[in-house]
Amino acid sequence: MATETARPKRGRHRSPSGPAWVPYLYLLPHAVLFLVFIVYPIGFGLWVSLHRWNILSDVQRFVGLDFYLRLVTPGSPQFTFFWKTMGNTALFTVLSVPALIFSALGLALLLEKPIAGRSVFRAIFFLPTILAVSVMGLLWRWMFENRTGLVNILLDLVPFTQQFPFLTNVGWAWIPIVVGTIWWTVGFNMILYGAALAAIPRVYYEAAAIDGAGAWARFRHITWPQLNPVTLFALVTTTIGSFQLFGQSHVITAGGPLRTTQSVMMYITEEAFTNFQFSSAAAMSVLFGLLLLLVTGVQFRLTLRDLGRGVR
Amino acid sequence: MIVRSTVNRARPTIPFADGDAADTGPSVVGRRAGPPRWLLLAPRFLTLVVLALLFLLPIYWMVSTSLKSEAATVAQPVQWWPHEPTLENYRTILESPNAPFLRWAWNSLFSSSAFALGSVVLAVLTAYPLSRMRFRGRDTWFWVILSSMMIPGVIFLIPHYLMMIRFDWIDTYHALIWPGLPAAFGVFLMRQFFVSIPREIEEAARLDGANSLQILVRILLPFLTAPMATLALFQFMASWNNYVWPLFVVHGDMQTLPVAITSFSSRYWTAYGKLMAGTAIASIPILIAFLFAQRYFIRGMSLTGLKDE
């Protein structure tokens, strides 16, 4: 870290930054907010999960690991719904992540070489990412609306296909959510891949061309391996994003039909803000957070590797 | 990611853009003989056109639906464009007493601006000593801040909410602004840029007796206007588009626009003319901003990588 400056010499402070307390003064505003809104809530959340939080009471009863035990005891409603929605979320991740990686790579490859209107195309593919999830959700709910949605109108017009009630059909309700999500977020990974493609040294391709390598061979042996770090980064960040599914399901299907598209984030908020079971929800947050931490740990290491590489 | 993209930006990101790429690009093979370049590119161009139209279709359909009467939105056969375009839906929802769109828009605008401004100020003040001063505990503190980036947001949801109740901040702008401010991301980003400014630049000022604040404001900040603008734009968008948190901490008149259009949607569940008018109101300002500043949006994104909410 911080290789750009020499390590401070203890006991002898240099005057350039003024009195010794000056740096701390700059750090103070952020540090106060950091303690109040990041450090404290972590402890407070754990504390809440170990008590039975009653919003109307001043004294909260200690219950130990009760709320965690429920989550691993088959039979309790919390167990049933937590793991059911966890499964839903995992299914969404499996459905969406590969699509978000490969379609992003496809778009980036289409835009790799100069072509008329390239920047316009890039802007169009990126455009949906700036929309709020509610906007995106309402658009795609309308697109997939049973009978009157544009998708069903088109299915009606195309021979050999017929209308289908996507939004209210178990399993099929994922299609509007996944399609909407791809439309909404593929632009991020496309930009990542675009930057990475541009950074591949041209000489590799020239050498391959001299060796007579075809398009597929060039992709397989140059492009794809060179993109490895970006693919890994995109894979990790997209997985984290997909696991936190909330808005798309909330707006497009409201978690239905029969909770089959309810994500774990939706269930946690339901437990907290509809059932007012804050302690139970806090315990779920901690458990779910720990699972996410396994993935963010990878991301963190990748970021640090970049950091170490880039800083002089 | 951040660093790598910065490096990419320093050299031309798109080598040979719009020039004669065939000289050095992968298409060097087959250059000598074979069909002309435009014919080779035609399939790719057509693919891109089709995909672009598909991407724009939902947005076209939103605008088109919003300009139809409710009867026309479900008319058989389908009206590919509004046969009798009308602004009736917009008028209805803007005049509706229980859908204060302008108030919601103001809530979003104010809280997102305050959040963006606060993030930039905090990031600059914090990154400055962490990158350009020497003091005890500096590296440790940077690591503490950096480590907080790893913590999944879901961990904070319940404790933050209960804190908002205790602070009596439910249904206030405070709830929308303060809890997210100390996030490490801005500090991390600004520090990268502080580090990239050569140290010699401030030496002269220091010899003239300038203090650290003067050095920051007069010498360093002019180098940082672009990253600060990028960070501000990014944080503004993040706050504007935030969904889970505002959904639960602000209600009624205090809602942010993107959240409000969904609660508004439960009233007009299938009245898609009005729903799409509301959606258009919520998204068109952002779409227009994107039209003019798409370069900055895209640059900001490649600068930051995918920031998960």
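Residues numbered from 1 in each chain as written. Chains lettered and ligands numbered in written order. Predicted model: local features only at pLDDT ≥ 70, side-chain atom pairs only at ≥ 80, totals over all residues. Heavy atoms only, no water.

**Section: empty space enclosed by the protein**
As enumerated under the stated definition, the model contains five cavities of 30 Å³ or more in all. Of the volumes computed, that of the second largest cavity is approximately 40 Å³. What lines the second largest cavity is His30(A), Ser119(B), Leu122(B), Ala123(B), Leu181(B), Ala183(B), Gly186(B), Val187(B) and Gln235(B). Looking at the lining of the second largest cavity, the elements with two or more residues in it are helix H5 (101–132) and helix H9 (184–195) of chain B. The biggest single contributor to the lining of the second largest cavity is H5(B), with three residues. Across the lining of the second largest cavity, the residue classes break down as five nonpolar, four polar and no charged. (1 Å grid on protein atoms, 1.4 Å probe; cavity = no way out; pocket = protein on both sides within 12 Å on 5 of 7 lines; lining within 4 Å. Points joined across faces, edges and corners; volume = space filled by probe spheres on them. Helix = DSSP H or I, 4+ residues; strand = E, 2+ residues; numbered from the N terminus. Nonpolar A, V, L, I, M, F, W, Y, C, P; charged D, E, K, R; others polar.)

**Let's talk about a nonpolar patch on the surface**
Together, Trp21(A), Tyr24(A), Leu25(A), Leu28(A), Val32(A), Leu35(A), Val36(A), Val39(A) and Phe167(B) make up a nonpolar patch on the protein surface, roughly 820 Å² of accessible area in all. If one sorts the elements of the nonpolar patch by residue count, helix H1 (residues 22–49) of chain A sits on top with seven residues. The residue Leu35(A) is located in helix H1 in this model. A relative accessible area of 46% means that Leu35(A) is categorised as partly exposed. (Patch = residues over 30% accessible without salt bridge, like charges linked within 9 Å, V, L, I, M, F, W, Y side chains within 5 Å. Areas by Shrake-Rupley, 256 points an atom, 1.4 Å probe, with all protein chains shown as cover. Salt bridge = Lys/Arg side-chain N within 4 Å of Asp/Glu carboxyl O. Buried < 20%, exposed > 50% of the residue type's maximum accessible area, 1.4 Å probe, protein only.)

**Concerning the environment of Ala72(B)**
Tracing the sequence through the fold places Ala72(B) in helix H3 (residues 70–73). Placed 201 residues apart in sequence, Ala72(B) and Gly273(B) show a C-alpha to C-alpha distance of 8.7 Å.

**As for the confidence of the model for chain B**
Residue and element names in this part refer to chain B. For chain B, per-residue confidence averages 84 on the pLDDT scale, and residues scoring 70 or more make up 86% of the total. Least confident of the elements in chain B is helix H1 (residues 2–10), whose mean pLDDT is 36; most confident is helix H8 (residues 173–177), at 97. In the model, residues 1–30 has pLDDT below 50 throughout and makes 56 contacts with residues more than four positions away in sequence or in other chains. Segment residues 305–309 is flagged for pLDDT under 50; beyond a separation of four residues in sequence, or across chains, it makes 17 contacts in the model. (pLDDT = per-residue confidence, 0-100. Contact = heavy atoms within 4.5 Å.)

**What about the packing of helix H3 (residues 77–110) of chain A against helix H10 (residues 228–243) of chain A?**
Residue and element names in this part refer to chain A. Running from amino to carboxyl end, H3 crosses H10 at an angle of 145°, the nearest separation of the two axes being 9 Å. Seen from above, H3 lies across H10 with right-handed handedness. Mapping the contact onto sequence places Thr-89, Ala-90, Phe-92, Thr-93, Ser-96, Val-97, Leu-100 and Ile-101 in H3 and Thr-231, Ala-234, Leu-235, Thr-238, Thr-239, Ser-242 and Phe-243 in H10. Residue composition of the contact of H3 with H10, by class: eight nonpolar, seven polar and no charged. (Axes fitted to C-alpha atoms, helices over the stretch in contact; angles between N-to-C directions. Left-handed = near helix turned anticlockwise from the far one by under 90°.)

**Thoughts on the nonpolar core**
Residues Phe125(A), Trp183(A), Met190(A) and Phe288(A) are the most contacted members of the largest nonpolar core, which totals 140 residues. Ranked by the residues each element gives to this core, the list is headed by helix H7 (residues 174–198) of chain A, at twelve residues. Apart from the residues lying within four places of it in its own chain, the contact partners of Phe125(A) are Leu107(A), Leu111(A), Gly187(A), Met190(A), Leu48(B), Leu51(B), Ala52(B) and Phe55(B). (Core = buried A, V, L, I, M, F, W, Y, C linked by side-chain atoms within 4.5 Å.)

**Topic: helix H9 (residues 215–226) of chain A**
In an α-helix, one turn spans 3.6 residues; hence positions three or four apart end up facing the same way. Residues and elements named next belong to chain A. Given a rise of 1.5 Å per residue, twelve residues ought to cover 16 Å, and the 15 Å separating the end C-alpha atoms of H9 matches this to within 8%. Regarding H9, the residues found buried are Arg-218, Phe-219, Ile-222 and Thr-223. One face of H9 carries all of its buried residues, which in axial projection span an arc of 125°. Residues of H9 that are exposed and point more than 90 degrees away from the buried face comprise Trp-216 and His-221. Check the buried side of H9 and you find it contacts H3, H7 and helix H8 (202–210). (Expected span 1.5 Å × (residues − 1). Arc of directions from axis to C-beta.)

**Some words on the packing of aromatic side chains**
Scanning the model with the defined rule gives 41 aromatic pairs over all chains in all. With 6.4 Å between their ring centres and 25° between their planes, Phe37(A) and Trp169(B) make a pair best called stacked. Separated into two different chains, Phe37(A) in helix H1 and Trp169(B) in the loop between helix H7 (154–167) and H8 make up a pair that spans both. Just as Phe37(A) is buried, Trp169(B) falls in that class too. Ring geometry for Trp61(B) and Trp80(B): centres 6.3 Å apart, planes at 50°, overall tilted. Remark: Trp80(B) occurs in the loop between H3 and helix H4 (88–95) and Trp61(B) occurs in helix H2 (residues 37–66); sequence separation between them is 19 residues. We classify Trp61(B) as buried; its relative accessible area is 1%. With a relative accessible area of 35%, Trp80(B) lands in the partly exposed category. Members of the aromatic cluster, each reached through a chain of ring pairs, are Phe246(A), Phe273(A), Phe276(A), Phe278(A), Tyr161(B), Tyr243(B) and Phe248(B). Over the ring of Phe81(A) we find Arg259(A); its NZ or CZ atom is 4.1 Å from the centre of that ring. Residue placement shows Arg191(B) over the ring face of Phe142(B); its charged tip is 4.2 Å from the ring centre. (Phe/Tyr/Trp six-rings, centres within 6.5 Å; stacked < 30°, edge-to-face > 60°. Lys NZ or Arg CZ within 6 Å of the ring centre and 35° of its normal.)

**As for the confidence of the model for chain A**
All names here are of chain A. With 92% of its residues at a pLDDT of 70 or more, chain A has an overall mean of 89. Mean pLDDT values for the elements of chain A range from 82 in helix H13 (residues 278–310) up to 97 in H1. Low pLDDT (under 50) marks residues 1–14, which in the prediction has 25 contacts with non-local residues, meaning those over four places away or in another chain.

**Notes on the interface of chain B and chain A**
Each partner contributes residues to the interface: chain B has 123 residues there, and chain A has 118 residues. For the pairing of chain B and chain A, the buried interface totals around 11400 Å² over both sides, and the portion due to carbon and sulfur atoms is 76%. Summed over the shared surface of chain B and chain A, the number is zero salt bridges. Between chain B and chain A we count 15 residue pairs in polar contact (both at pLDDT 80 or more) in total. Looking at the side of chain B that touches chain A, the element that brings in the most residues is H2(B), giving 17 residues. Of the residues in the side of chain B that touches chain A, the class split is 85 nonpolar, 23 polar and 15 charged. (Buried area = accessible area lost by both parts, 1.4 Å probe. Polar contact = N/O pair within 3.5 Å; in protein donor to acceptor, adjacent residues only side chain to side chain.)

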